[in-house]
Amino acid sequence: MLEIQAFCDEVNAWITTAPSAEMLDECDDYLRQLSAYYSRYTVISGMNESIFAQMMMICIRDMPEEEYKRIKHSSTLTDYYVKGKYPKATAIFEQCRAVQKLFLVTSDNYRTLLSSFRQERILVSHMAT
């Protein structure tokens, strides 16, 4: 779990280092790094899901019978029970899920920004000639 948290912290710190859209070479490098991080994320995410599933299995197995009877017909209640039982692990699990959304939003926004900036440069260069 600590490896997962360290990766998420690393990504959250790195994501703020984005260069300006005017620095196209640096932007290209940044997007390559983003792709590399996302590739690494796929491995980390798999580990994260496996650990959380195992944690749920152990929690349900060790659950008192009376508590199990109350929640066994609801996946939502079971999920909340496990998350309440292991709040620190849940925080790491959710942080890892949030990193995926961060990658997607950053990638989409950055590509749109670069595309707009490049179009603007093309228009300006055509107007100058």
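Look up: the structure comes first, before these words.
What you are looking at is a predicted structure, and each value in this text was computed from that prediction instead of being measured.

**Q** Would you mind going over the packing of aromatic side chains with me for this structure?
**A** Note on aromatic pairs: each is described by the distance of the centres and the angle between the planes. This structure, assessed with the given rule, holds seven aromatic pairs. A centroid spacing of 4.8 Å and a plane angle of 45 degrees characterise the contact between Trp 14 and Tyr 37, whose relative ring orientation is tilted. Highlighted residues: Trp 14 in helix 1 (residues 2-14) and Tyr 37 in helix 2 (residues 24-61), separated in sequence by 23 residues. Take Trp 14 and Tyr 37: they sit in the same class, and that class is buried.

**Q** Please explain the packing of helix 2 against helix 4 (residues 75-85) as it appears in this structure.
**A** Helix-helix packing is characterised by the crossing angle of the two axes and by the distance between the axes. Axis separation between helix 2 and helix 4 bottoms out at 10 Å; the angle between their running directions is 95 degrees. By the angle class used here, helix 2 and helix 4 are roughly perpendicular. Contacts between helix 2 and helix 4 involve Phe 52, Met 55, Met 56, Cys 59 and Ile 60 from the first element and Thr 78, Asp 79, Tyr 81, Val 82, Lys 83 and Lys 85 from the second. Residue classes in the contact of helix 2 with helix 4 are distributed as seven nonpolar, one polar and three charged.

**Q** Could you clarify how one ought to interpret the side chain of Asn 48 in this entry?
**A** As for its position among the elements, Asn 48 is in helix 2. Sequence-distant contacts of Asn 48, that is, excluding residues within four places in its chain, are made with Ile 4, Ile 92, Phe 93 and Cys 96.

**Q** Help me understand the pattern of salt bridges, please; the structure alone is not making it clear to me.
**A** Side chains that differ in sign of charge can pair as their charged atoms come close. Summed over the entire model, instances satisfying the criterion amount to nine salt bridges. A salt bridge links Arg 32 to Asp 28; its shortest N-O distance comes to 2.4 Å. Taken as a pair, Arg 32 and Asp 28 lie in helix 2 at a separation of four residues, close to a single helical turn. On the accessibility criterion, Arg 32 (54% relative accessible area) is exposed. The partner of Asp 29 in a salt bridge is Arg 32, with the nearest N and O atoms 3.9 Å apart. Pair noted here: Asp 29 and Arg 32 are both in helix 2, with a separation of three residues, about one helical turn. One network of salt bridges, with partners in common, ties together Asp 28, Asp 29 and Arg 32.

Basis of the calculations
Residues numbered from 1 in each chain as written. Predicted model: local features only at pLDDT ≥ 70, side-chain atom pairs only at ≥ 80, totals over all residues. Heavy atoms only, no water. Phe/Tyr/Trp six-rings, centres within 6.5 Å; stacked < 30°, edge-to-face > 60°. Helix = DSSP H or I, 4+ residues; strand = E, 2+ residues; numbered from the N terminus. Buried < 20%, exposed > 50% of the residue type's maximum accessible area, 1.4 Å probe, protein only. Axes fitted to C-alpha atoms, helices over the stretch in contact; angles between N-to-C directions. Parallel < 35°, antiparallel > 145°, perpendicular 65-115°, else oblique. Contact = heavy atoms within 4.5 Å. Nonpolar A, V, L, I, M, F, W, Y, C, P; charged D, E, K, R; others polar. Salt bridge = Lys/Arg side-chain N within 4 Å of Asp/Glu carboxyl O.

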